[in-house]
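This is what each chain is made of:
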Amino acid sequence: RGLTSVVSSGSKVGTPSRTEWAADHLSHGMGRLANIEMQSASGCFVKAADGIEYLDFTSGLGVTSTGHCHPRVTAAVQMQASSLVHGQVAVREMPASVP
């Protein structure tokens, strides 16, 4: 489907919505339980772009034990990202610096 063939409410003519783009370009291996565009999250809740909050019964592996945006996890990610975001397999690992 070409970009000019998509016309949807809220989108410019000829530009696919995020949902349409994702449907065309992202893996469908795990499927979708709902068609909700998430904007933010905290603890066990997620907030959709339309402002509705949901209890996240589908939390992924990265947030199951701590919840979304746990302050200590967020601080550790920010600290690590300020020094090294991605190290290749062939590069020596450095000791952890998580407080």
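Residues numbered from 1 in each chain as written. Predicted model: local features only at pLDDT ≥ 70, side-chain atom pairs only at ≥ 80, totals over all residues. Heavy atoms only, no water.

Chemist: Is there a simple way to explain the pairing of strand β1 (residues 38-42) in this structure?
Modeler: Each regular strand shows side chains that alternate between the opposite faces of the sheet. Looking at chain direction, β1 and strand β2 (residues 45-48) are connected through four bridges and run antiparallel. Residue pairing for β2: Ser40 is matched across the bridge by Lys47. Following β1, the chain reverses through two residues before pairing antiparallel with β2; Gly43 in that reversal takes a positive phi of roughly 60 degrees. (Pairing = 2+ DSSP bridges. Helix = DSSP H or I, 4+ residues; strand = E, 2+ residues; numbered from the N terminus.)

Chemist: Would you mind showing me how to read a nonpolar patch on the surface here?
Modeler: There is a patch of nonpolar side chains on the surface, built from Phe45, Leu55 and Phe57 and spanning about 350 Å² of accessible area. Tracing the backbone shows Leu55 in strand β3 (residues 53-55). Residue Leu55 is classed as partly exposed on the basis of its relative accessible area, which comes to 41%. (Patch = residues over 30% accessible without salt bridge, like charges linked within 9 Å, V, L, I, M, F, W, Y side chains within 5 Å. Areas by Shrake-Rupley, 256 points an atom, 1.4 Å probe, with all protein chains shown as cover. Salt bridge = Lys/Arg side-chain N within 4 Å of Asp/Glu carboxyl O. Buried < 20%, exposed > 50% of the residue type's maximum accessible area, 1.4 Å probe, protein only.)

Chemist: Teacher, can you tell me more about the confidence of the model for the chain here?
Modeler: Taken residue by residue, the chain gives an average pLDDT of 77. The fraction at 70 or more is 70%. Across residues 1-11, where pLDDT falls below 50, the model places 17 contacts with residues more than four positions away in sequence or in other chains. (pLDDT = per-residue confidence, 0-100. Contact = heavy atoms within 4.5 Å.)

Chemist: Teacher, can you tell me more about the pairing of β2 here?
Modeler: Burial of β2 is one-sided: the residues Val46 and Ala48 facing one way are buried, the residues Phe45 and Lys47 facing the other way are not. Summarising the sheet, β2 and β3 pair through three bridges and their orientation is antiparallel. Bridge pairing links Phe45 to Leu55 in β3.

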